Amino acid sequence: MKLVSFYRFTLLLVFAATVVSAGAATRADILRGAYGPYRANNDLLFYHLDIRVDPEQKFLQGKNTIRFRMLKDGRRIQLDLHPALRIDKILFGGVRLSYKRDSGAVFVDFPQTLKAGREYTIDFYYSGHPVETGRFGAITFRKDPAGHPWINTACEETGASVWWPNKDQWRDEVEGMEISVSIPNGLVDVSNGKFVGKTDLGDGYTRWDWMVHYPINNYDVSLNIGNYVHFSDRLGNLPLDFYVLPEDKPKAEKQFTQAKGMLQIFGHYFGDYPFPEDGYKLIEVPYSGMEHQTAVTYGNQFTNGYLGRDWAGSGISLRFDFIIIHESAHEWFGNSITAADRSDMWIHEGFATYMESLYVESRWGRADALKYLDGLKPKVKNLEPIISARGVNSTPPIDQYFKGALFLNTLRSVVDDDPRWWALLHGFYQHFKYQNIMTEDVVQYFNQQTGMNLTPVFDQYLRHAALPVLELKLDSGSVRYRWQADDPAFAMPVLVGSKEHWQKIQPTTAWQTMQTPLSKDKFEVATDLFYVKVVWMP
């Protein structure tokens, strides 16, 4: 699962130290974000999260059995648990382990040296009242409209350790996971993976068991507890399971039909749905939605657009359900391919947003896809680089969504060969699926496969705030042109002239001249194909 070299790890620590020295990150940020020695000395293999949920008391109690392989000899590992939750005990076999808590970090100490190459297992017992925090609450204890308990998790922003103990980073994923959730009789838990079965515990509680057969990111792990009813469909051999409140089932049966076509379209571009053994699920929740692996959560009011709004401002986004399409796109980018550091989250959000346009293109054609992408431009701020500081649990700006998608559309135009572009996208996904990667891995792949040096193009769009500016000067019968860009090596081709007769030019940061019969008001730049700023110089 890990592609990060020692060199890159060292760079992350340098980035982290730089940010801390600038006063931009707290100690808690560093403890969460830096892949320090007590994280890097072990490789996660398997979790079994076994918890009991008391809806009325808003209380959790349980354990996480953690199996890992040591990569270096050592006597300490680093895990995470929110300070609001109590550590009841940590057992290593029959031995009770000592530990140190620092902010959200938990440093676990062993009585003897753990040897590199060997596998070990600990049982981490915990309990408490988790805090509700962040955009979607991280974990919420609510009631549905009929008064039944409705408990959900959505903790990408705040971290999974807000409600369960784990190695709360993206870089290291378990290879599989078991999730056991004990809840009062009459309620349903829907979590990630394949449903294994339920067991009446004889004390008013029932345990629901789920098995995840693929690598899973910790923030993807999900509880959805409520008065759910279930209906299903199939896409070939792939089970499609839907869980909604009883009163919403008629609306869901109509709206959720979009899922099958979406899965087929994304499968065409990138390859089959990544988690066939675990199936695909859509689950109703009281917030807008989240990409939990094989358990996509949905709260888009059973209507097209985003909460009924024309999301992209072009009319096209009202043709489909934004949450079904966008959050499910993350099954490919975000869940199957995962950024190794939060700083590179554009790999999740830029690709998922671009996949919205691919869905539009597949359904309604290229012209509408370009119209959809153009509708995203007003959302871009261009105030910060898309890639944020590494190793400090930093959150990139919202430009990662929209500018990320517009950059990928630009890259398609740079490649300028659609059959080659489709092969690149498919090959890229297939090469990195079930892996954790950084932007450097993306750039290296596209450079190798195209035979082009695309590094300055990636750098300008992702590592600098401003768009590249195509500066133009009109002379008699000719136009002078050059790029104004932060990256001095930036030299991206672009189409100019007129829509009927585009001409490809190869600007650099030095002035060049082209002949043209077009006047200034007739001379165009293909800004629907290339996300650039155009300035006429005096």
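As shown above, the structure is provided for reference.
Here the structure is a predicted model, which means the values were calculated and not measured.

Lay out the pattern of salt bridges in plain terms, naming residues and giving numbers.
On inspection of all chains with the given rule, the structure shows 29 salt bridges. R27 serves as the salt-bridge partner of D102, at 2.6 Å between the closest nitrogen and oxygen. Here D102, found in strand 6 (residues 98–102), pairs with R27, found in helix 2 (residues 27–33); they are 75 residues apart in sequence, far enough to count as distant. The exposure class assigned to D102 is buried, which follows from its relative accessible area of 14%. Overlapping salt bridges, with partners in common, bring together D344, R390, E440, D459 and R463 in one network.

Can you lay out helix 11 (residues 439–450) for me, pointing to particular residues and giving the numbers?
The terminal C-alpha atoms of helix 11, which comprises 12 residues, lie 17 Å apart, in line with the 16 Å expected from a rise of 1.5 Å per residue. All buried positions along helix 11 are accounted for by T439, D441, V442, V443, Y445, F446, N447 and T450. At the C-terminal side of helix 11, G451 shows a positive phi close to 70°.

How would you sum up the sheet that holds strand 15 (residues 224–226)? Please name residues and give values.
The strands making up a sheet associate through hydrogen bonds between their backbones, and the pairing can be parallel or antiparallel. One open sheet accounts for four strands, arranged 9-10-15-12; its pairing is antiparallel. Edge positions in the sheet fall to strand 9 (138–143) and strand 12 (188–189), since each has one partner strand and no second. Here strand 10 (residues 149–154) runs beside strand 15; their pairing, made up of two bridges, is antiparallel. When the sheet's bridge partners are listed, I151 is paired in strand 15 with I225.

Before we move on, could you go through the environment of K499 and cite the residues and values that matter?
Within the fold, K499 resides in the loop between strand 25 (494–498) and strand 26 (501–505). The sequence separation of K499 and F523 amounts to 24 residues, and the corresponding C-alpha distance is 9.7 Å. Polar side-chain contacts of K499 include one of 3.0 Å to the side chain of E524.

Lay out the nonpolar core in plain terms, naming residues and giving numbers.
It is characteristic of soluble globular proteins that their nonpolar side chains tend to be buried jointly. Of all hydrophobic cores here, the largest spans 102 residues; its most connected members are F256, Y280, W346, F446 and F458. Dropping the residues within four chain positions of it, F458 is found in contact with W346, F407, L411, V442, V443, F446 and R463. If you look at the next biggest cluster of nonpolar residues, it comprises 60 residues, including F110, F141, V190 and I225.

I'd love a proper account of the sheet that holds strand 13 (residues 194–200), names of residues and values included.
What the eight strands build is an open sheet, ordered 5-4-8-2-1-11-14-13; its pairing is mixed. Looking at strand neighbours, the two that pair on one side only are strand 5 (95–96) and strand 13, the edges of this open sheet. The pairing of strand 1 (residues 42–54) with strand 2 (residues 59–70) spans 12 bridges and is antiparallel. Bridge pairing in strand 2 links L49 to N64.

Cut-offs used in this document
Residues numbered from 1 in each chain as written. Predicted model: local features only at pLDDT ≥ 70, side-chain atom pairs only at ≥ 80, totals over all residues. Heavy atoms only, no water. Salt bridge = Lys/Arg side-chain N within 4 Å of Asp/Glu carboxyl O. Helix = DSSP H or I, 4+ residues; strand = E, 2+ residues; numbered from the N terminus. Buried < 20%, exposed > 50% of the residue type's maximum accessible area, 1.4 Å probe, protein only. Expected span 1.5 Å × (residues − 1). Pairing = 2+ DSSP bridges. Polar contact = N/O pair within 3.5 Å; in protein donor to acceptor, adjacent residues only side chain to side chain. Core = buried A, V, L, I, M, F, W, Y, C linked by side-chain atoms within 4.5 Å. Contact = heavy atoms within 4.5 Å.

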